[in-house]
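Read off the chains here:
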Amino acid sequence: MLEQLVLRQKSFAQHSRTESWHQRFDHLEVLEKLLTEHQSEICKALHHDFKKPHLESLSTEIMPLLKELRFAQKNLKKWMKPKRVSTPFLLFGSKSYTRYESLGSCLIISPWNYPVYLTIAPLISALAAGNSAVVKPSEYAPHTSRLLHALLSKYFKSEQVAVVEGGPETTTALLKLPFDHVFFTGSTEVGRIIMQQSAPQLPRLTLELGGKSPTIVDTTADLKLAAQKIIWAKFLNAGQTCIAPDYLFVQEHIHQEFIHILKAQLEEYYGSNKNEVKSSHSFARIINAKHTYRLKGLLEDALANRASLIVGGEVDLEQNYVAPTLLDDVDVHTKVMNEEIFGPILPILKFKEITEVVHFINDRPKPLTIYMYSHARHNIQKIMKETSSGTFSVNDSMVSMMNPNLPFGGVGASGLGSYHGLYGFETFSHKKAIFMQGPFGRLMKLIYPPYNAKKVDLIKKLMG
Ligand code: NAD
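No experiment lies behind these values; they were computed from the predicted model shown. Throughout this description, residue numbers start from 1 for each chain and increase along the sequence as written. In view of the model being predicted, local features appear only for residues whose pLDDT reaches at least 70, and side-chain atom pairs are presented and counted only at 80 or more, with totals across whole chains, interfaces and linings using the full set of residues. Only hydrogens and water are set aside when side-chain values are computed; all heavy atoms of the structure are taken into account.

Side note on the pairing of strand 16 (residues 391-394)
Thinking step 1. Where burial is concerned, the two faces of strand 16 differ: the one with Thr 391 and Ser 393 is buried and the one with Phe 392 and Val 394 is not.
Thinking step 2. Two strands make a pair as long as DSSP finds a minimum of two bridges between them. The way it works is that DSSP assigns letters per residue, a run of H or I at least four long becomes a helix, a run of E at least two long becomes a strand, and they are numbered from the N terminus. Bridge count between strand 15 (residues 369-373) and strand 16: 4 bridges; the pairing is parallel. Its bridge partner being in strand 16, Tyr 371 is matched across the sheet by Ser 393.
Thinking step 3. Following the backbone out of strand 15, through helix 14 (residues 377-386) and into the adjacent parallel strand 16, one traces a crossover that is right-handed. Buried residues are those whose accessible area, probed at 1.4 Å on protein chains only, stays under 20% of the maximum for their type, while exposed residues exceed 50% and partly exposed ones sit between those limits. Here a crossover is taken to be right-handed if, once the strands point away from the viewer, the path from the first strand over the helix to the second is traced clockwise.

Considerations on the packing of helix 2 (residues 21-37) against helix 6 (residues 142-155)
Thinking step 1. Contact geometry for helix 2 and helix 6: axes closest at 10 Å, N-to-C directions at 135 degrees. Overall, the two elements helix 2 and helix 6 adopt an arrangement that is oblique. By crossing handedness, the relation of helix 2 to helix 6 is classed as right-handed. Packed against helix 2, whose contacting residues are Val 30, Leu 31, Lys 33, Leu 34 and Glu 37, the element helix 6 presents Leu 151, Leu 152 and Tyr 155 at the interface.
Thinking step 2. The class makeup of the residues in the contact of helix 2 with helix 6 is 6 nonpolar, no polar and 2 charged. Axes, fitted as lines to C-alpha atoms, cover a helix only where it is in contact. Angles between the N-to-C directions of the axes lie from 0 to 180 degrees. Convention used here: angles under 35 degrees read as roughly parallel, angles over 145 as roughly antiparallel, angles from 65 to 115 as roughly perpendicular, and any remaining angle as oblique. Crossing handedness: left-handed means the near helix sits turned counterclockwise from the far one by under a right angle, and right-handed means the same turn made clockwise. Should any heavy atoms of two residues lie within 4.5 Å, those residues are counted as being in contact. Under the scheme applied here, ten amino acids are nonpolar (Ala, Val, Leu, Ile, Met, Phe, Trp, Tyr, Cys and Pro), four are charged (Asp, Glu, Lys and Arg), and all others, including Gly, are polar.

Considering the pairing of strand 2 (residues 95-102)
Thinking step 1. In terms of strand pairing, strand 1 (residues 83-85) meets strand 2 through 3 bridges, oriented antiparallel. Across the sheet, the residue bridging to Lys 83 is Thr 98, located in strand 2.

Brief notes about the domain arrangement of the protein
Quite often, the size of an interface is put as the accessible area lost when its parts meet.
Thinking step 1. Note that the domain bounds were set by an automatic or database domain assignment. Here the domain parsing of the protein yields domain 1 (2-209 + 415-432) and domain 2 (214-401).
Thinking step 2. Between the C-alpha centres of domain 1 and domain 2 the distance comes to 31 Å.
Thinking step 3. Taken together, the contact between domain 1 and domain 2 spans 14 residues of the former and 18 residues of the latter.
Thinking step 4. Here the quantity called buried area is the total loss of accessible area, with a 1.4 Å probe, experienced by two parts when brought into contact, counted for both. Buried surface at the junction of domain 1 and domain 2, both sides included, amounts to about 1400 Å², of which 59% is carbon and sulfur.
Thinking step 5. Of all residues in domain 1, Phe 50, Trp 112 and Tyr 140 bury the most surface against domain 2, accounting for 37% of the area lost on that side.
Thinking step 6. Each reported salt bridge corresponds to a side-chain nitrogen of Lys or Arg within 4 Å of a carboxyl oxygen of Asp or Glu. At the surface where domain 1 touches domain 2, the tally comes to 0 salt bridges.
Thinking step 7. Contributions of two or more residues to the side of domain 1 that touches domain 2 are made by helix 3 (39-50) and helix 4 (54-80).

Section: helix 14
Thinking step 1. Among the residues of helix 14, Asn 379, Ile 380, Lys 382 and Ile 383 are the ones counted as buried. What you see down the axis of helix 14 is that its buried residues fit within an arc of 160 degrees, all on one side. Summarising the geometry of helix 14, the exposed residues directed more than 90 degrees from the buried face are Arg 377, His 378 and Lys 385.
Thinking step 2. Tucked into the core, helix 14 has its buried residues touching strand 8 (214-217), helix 13 (354-362), strand 15 and strand 16. Each C-beta atom gives one direction from the helix axis, and the arc is the one those directions make.

What to know about the packing of aromatic side chains
Each aromatic ring pair is specified by the distance between its two centres and by the angle formed by the two planes.
Thinking step 1. Think of it this way: a Phe, Tyr or Trp ring, Trp meaning its six-membered ring, pairs with another when their centres are within 6.5 Å, and the plane angle makes it stacked under 30 degrees, edge-to-face over 60, tilted otherwise. Per the counting criterion, the structure on display carries 18 aromatic pairs.
Thinking step 2. When the centroid spacing of 5.4 Å and the interplanar angle of 20 degrees are considered together, the rings of Phe 183 and Phe 428 count as stacked. Linking Phe 183 in strand 6 (residues 181-185) with Phe 428 in the loop between helix 15 (421-427) and strand 18 (429-436), this pair joins segments that are 245 residues apart in sequence. In this pair, the class of Phe 183 matches that of Phe 428, namely buried.
Thinking step 3. With a centroid separation of 5.1 Å and 90 degrees between ring planes, the pair formed by Phe 249 and Phe 360 is classed as edge-to-face. Here Phe 249 is found in strand 9 (residues 247-251), whereas its partner Phe 360 is found in helix 13, with 111 residues between them in sequence. Here Phe 249 matches Phe 360 in class, with each residue buried.
Thinking step 4. Three or more aromatic residues joined by ring pairs make a cluster, and in this case those are Phe 235, Tyr 269, Tyr 270, Phe 283 and Tyr 321.
Thinking step 5. We call a charge positioned above a ring when the Lys NZ or Arg CZ atom is no farther than 6 Å from the ring centre and deviates by at most 35 degrees from the ring normal. Here the basic side chain of Arg 364 rests over the ring of Phe 360, its NZ or CZ set 3.5 Å away from the ring centre.

Here we look at the sheet that holds strand 2
Thinking step 1. With respect to topology, 3 strands assemble into an open sheet ordered 1-2-18, the strand pairing being antiparallel. Whereas interior strands pair on both sides, the edge strands pair on one side only; in this sheet they are strand 1 and strand 18. Averaged over all pairs of adjacent strands, the angle between strand axes in this sheet comes to 30 degrees, irrespective of strand direction.
Thinking step 2. Examined bridge by bridge, strand 2 and strand 18 share 8 bridges and lie antiparallel to one another. From the neighbouring strand, Tyr 97 faces strand 18, where its bridge partner is Ile 434.

Focus: a positive patch on the surface
Thinking step 1. Patch members must show over 30% relative accessible area and no salt bridge, and they are joined within 9 Å when carrying like charges or within 5 Å when they are nonpolar side chains of Val, Leu, Ile, Met, Phe, Trp or Tyr. For every accessible area listed, the method is Shrake-Rupley and the probe measures 1.4 Å; residues are considered covered only by the protein chains on display. When charges are tallied, Lys and Arg are placed among the positive residues and Asp and Glu among the negative ones, while His and the ends of the chain are skipped. Note on charges: their place is set at NZ of Lys, CZ of Arg, CG of Asp or CD of Glu. On the surface, Lys 74, Lys 77, Lys 78, Lys 81, Lys 83 and Lys 431 cluster together to form a positively charged patch.
Thinking step 2. Of the residues forming the positive patch, the biggest block, 3 residues, is contributed by helix 4.
Thinking step 3. As for its position among the elements, Lys 83 is in strand 1.

Some points on the packing of helix 2 against helix 5 (residues 117-128)
When two helices pack together, their arrangement is captured by the angle between the axes and the distance separating the axes.
Thinking step 1. One can describe the packing of helix 2 onto helix 5 by two numbers: an axis separation of 9 Å at closest approach and a directional angle of 160 degrees. For the element pair helix 2 / helix 5, the angle class is roughly antiparallel. Judged by the twist between their axes, the crossing of helix 2 over helix 5 is right-handed. Taking contact as the criterion, the partners of Arg 24, Leu 28 and Leu 31 in helix 2 are, on helix 5, Ile 120, Leu 123, Ile 124, Leu 127 and Ala 128.
Thinking step 2. Here the contact of helix 2 with helix 5 is built from residues that sort into 7 nonpolar, no polar and 1 charged.

Focus on the nonpolar core
Soluble globular proteins tend to bury their nonpolar side chains together.
Thinking step 1. Counting 113 residues, the largest nonpolar core has Leu 123, Ile 216 and Phe 258 as the members making the most contacts within it.
Thinking step 2. Shared between two domains, this core holds at least three residues of each, these being domain 1 (2-209 + 415-432) and domain 2 (214-401).
Thinking step 3. Those residues within four positions of Ile 216 in sequence are excluded, and the remaining contacts are Phe 249, Phe 351, Ile 354, Val 357, Ile 361, Ile 370, Tyr 371, Met 372, Tyr 373 and Ile 383. Within this scheme, the nonpolar core is defined by two criteria: the residues are buried Ala, Val, Leu, Ile, Met, Phe, Trp, Tyr or Cys, and they are joined through side-chain atoms within 4.5 Å.

Looking at the site of the ligand
Thinking step 1. By convention in these notes, a residue is near a molecule or strand provided one of its non-hydrogen atoms lies within 4 Å of it. Lining the immediate surroundings of the ligand are 25 residues, of which Lys 136, Glu 139, Ser 187, Leu 209 and Glu 340 lie closest.
Thinking step 2. For the ligand, an oxygen atom lies 2.8 Å from a polar atom in the side chain of Lys 136.
Thinking step 3. Starting from 840 Å² of accessible surface for the ligand in isolation, the protein chains cover 91%.
Thinking step 4. Breaking the shell around the ligand down by element, the ones donating at least two residues are helix 7 (168-174), strand 6 and helix 8 (188-198).
Thinking step 5. For the shell around the ligand, the two domains that each supply at least three residues are domain 1 (2-209 + 415-432) and domain 2 (214-401). Here a polar contact is recorded for every N or O atom pair within 3.5 Å, except that within protein the pair must consist of a potential hydrogen donor and a potential acceptor, and residues adjacent in sequence are included only if both atoms are side-chain atoms.

See below:
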């Protein structure tokens, strides 16, 4: 049955390959209608799944999707236009172009942490590029998955957009099918499985993965402002954000002072006593018991290895609650410094010289993002030029992804490929080379067989 679905989608995509930009614009319009007409149901489903605060649902799921949609609609005509490229002397008289063509049927596999945004954002790029798509949301956010199924089935024919719900077995079954592109967002560990399982079909592959994104704060930073931005970015969605600051690197001189400021900031956002924090409507829950338990393990391991608890540390397994937690004196060999945390625990490390930070980062898998709070040009340049990461962001956290002119994606263990705006359109398109020979093409016969010394001489001259 799934195979039939993919075949129907491929045939649909083939027929719509010649669609004009108006038609693609209209498909995006349908998505926009879906999002605007069902905003409150979407927010409710997200709240059901992990008590996602209403404001966060609007600001991190629906609003960025509407922005992405409108940006694609505005630029679609320009993106779709074939682009003339220059011609070398050897091909005098010919014309060459590049033209983006749709790929066919795409499989979009999404995680649970921003279950609407991370499902629909790649879908926007897929539709803008003229494809059909099968979407597989995460089984860990069941209310949102069910709602996406209901809404996308209501607004689109299954030949164009279909939702298949389920867990790893469903993904494994889908990966056996002849998709033209597989777009996966999730953990690095599962990313490896996806790459392996999709290999026999040889689809184009995008992997948007995770990892440990460091945040560096040096003595020249505006500490109050840095704390506002770091605490917001770390504890948004209860730390379950792929580009959340995973751990902090603070320069020795300001280390104690900055910890006080971070603590005060945490209290300002979520409350100053345990009960207030726990009942805060601005703080989400962990997605499920398995992940709450995993975070409890990270915390216990760090504390058992002499980390000091600055604030937080409370875990309620029944409510999937982990308090916003700051840890100091963390042993870099403990689990919390070697696994992606993906929860509201922030370990703090110290450094003397910026070179130490460069070595520390380069000794580990390439992060999705590096954040740097500094006004020291030398330090900023050093981190920017001597380390590798998907994104490098100075004096702010996470907001760079709101610029649709920037690609979003990782490098090495944090991902393969990118999307958003034009980069998403390119990811879901094939850039076809088009060559049109002119009358001088006849001259090419000078290099056709039978070969002789004159022709060899000519080739040597052409080689310069
Ligand atoms: P996950 O890798 O466990 O799951 C992602 C998807 O893969 C889900 O749809 C799931 O059903 C499927 N899946 C899980 N195990 C599978 C298996 N063995 N075989 C086939 N399919 C399988 O990730 P998650 O827990 O849902 O999300 C958290 C992870 O995603 C974090 O590592 C985070 O950093 C990363 N992430 C990355 C980005 C990004 O844009 N780079 C965005 C969000 C999350």
